[in-house]
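# Observations on the model geometry
Listed here are the chains, written in short residue letters.
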Amino acid sequence: MNRGCENLLLKAAEEHSHRIGWKCNQTYLSVLKANERARGCYAKAGFKLESSRNAYWGKKEHSGSEWQKMKK
């Protein structure tokens, strides 16, 4: 953490998708709202919040947990 590896991995994944011929104009990911470190990393990499929804594991909703969909 805090060594820049996260951004290198995101960039490598995007470059790989282009190399293998995927025609991706946008990248999406989901992250738990409570995971502030990850959200900060994704924001720094250019991702913006697109939507939010309650988090479920199986059929049970976890109050206070929220998935955030981010887009670049």
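Further up the page is the structure itself.
Notes on the structure in this doc start here. Quantities reported herein were computed from a predicted structural model and do not represent experimental measurements.

This next bit is on the overall build of the protein. In terms of helices and strands, the protein carries two helices and three strands. Listed N to C, the secondary structure of the protein is α-β-α-β-β in terms of helices and strands. For a compact globule of 72 residues, the expected C-alpha radius of gyration is about 11 Å, and the protein comes in at 14 Å, more than 25% above that figure. If you line up the protein on its principal axes, its C-alpha atoms span 40 × 30 × 20 Å.

As a rule of thumb, soluble globular proteins bury nonpolar side chains together. Listed in full, the six residues of the largest apolar core are Leu29, Val31, Ala38, Ala45, Phe47 and Met70. Residues within four places of Phe47 in sequence aside, it is in contact with Leu10, Glu14, Thr27, Leu29, Tyr42, Met70, Lys71 and Lys72.

Along the chain, Gln68 turns up in strand E3 (residues 60-71). In this structure, Gln68 is in contact with Leu29, Ser30, Val31, Lys33, Arg39, Leu49, Ser51 and Ser52, ignoring residues within four places of it in sequence.

You can see Lys72 is positioned in the segment after E3. If we ignore the near neighbours within four places in the chain, the residues touching Lys72 are Glu14, Asn25, Gln26, Thr27, Ala45, Gly46 and Phe47. Within the structure, the side chain of Lys72 is placed 3.3 Å from the side chain of Glu14, a separation counted as a polar contact. Separated by 3.0 Å, the side chain of Lys72 and the backbone oxygen of Ala45 make a polar contact.

With the rule as written, the count across this model stands at zero disulfides. The thiol of Cys5 is unpaired, and the distance to the nearest cysteine sulfur, on Cys41, comes to 10 Å.

How each quantity is defined
Residues numbered from 1 in each chain as written. Predicted model: local features only at pLDDT ≥ 70, side-chain atom pairs only at ≥ 80, totals over all residues. Heavy atoms only, no water. Helix = DSSP H or I, 4+ residues; strand = E, 2+ residues; numbered from the N terminus. Rg over C-alpha atoms; globule rule 2.2 N^0.38 Å. Core = buried A, V, L, I, M, F, W, Y, C linked by side-chain atoms within 4.5 Å. Buried < 20%, exposed > 50% of the residue type's maximum accessible area, 1.4 Å probe, protein only. Contact = heavy atoms within 4.5 Å. Polar contact = N/O pair within 3.5 Å; in protein donor to acceptor, adjacent residues only side chain to side chain. Disulfide = S-S within 2.5 Å.

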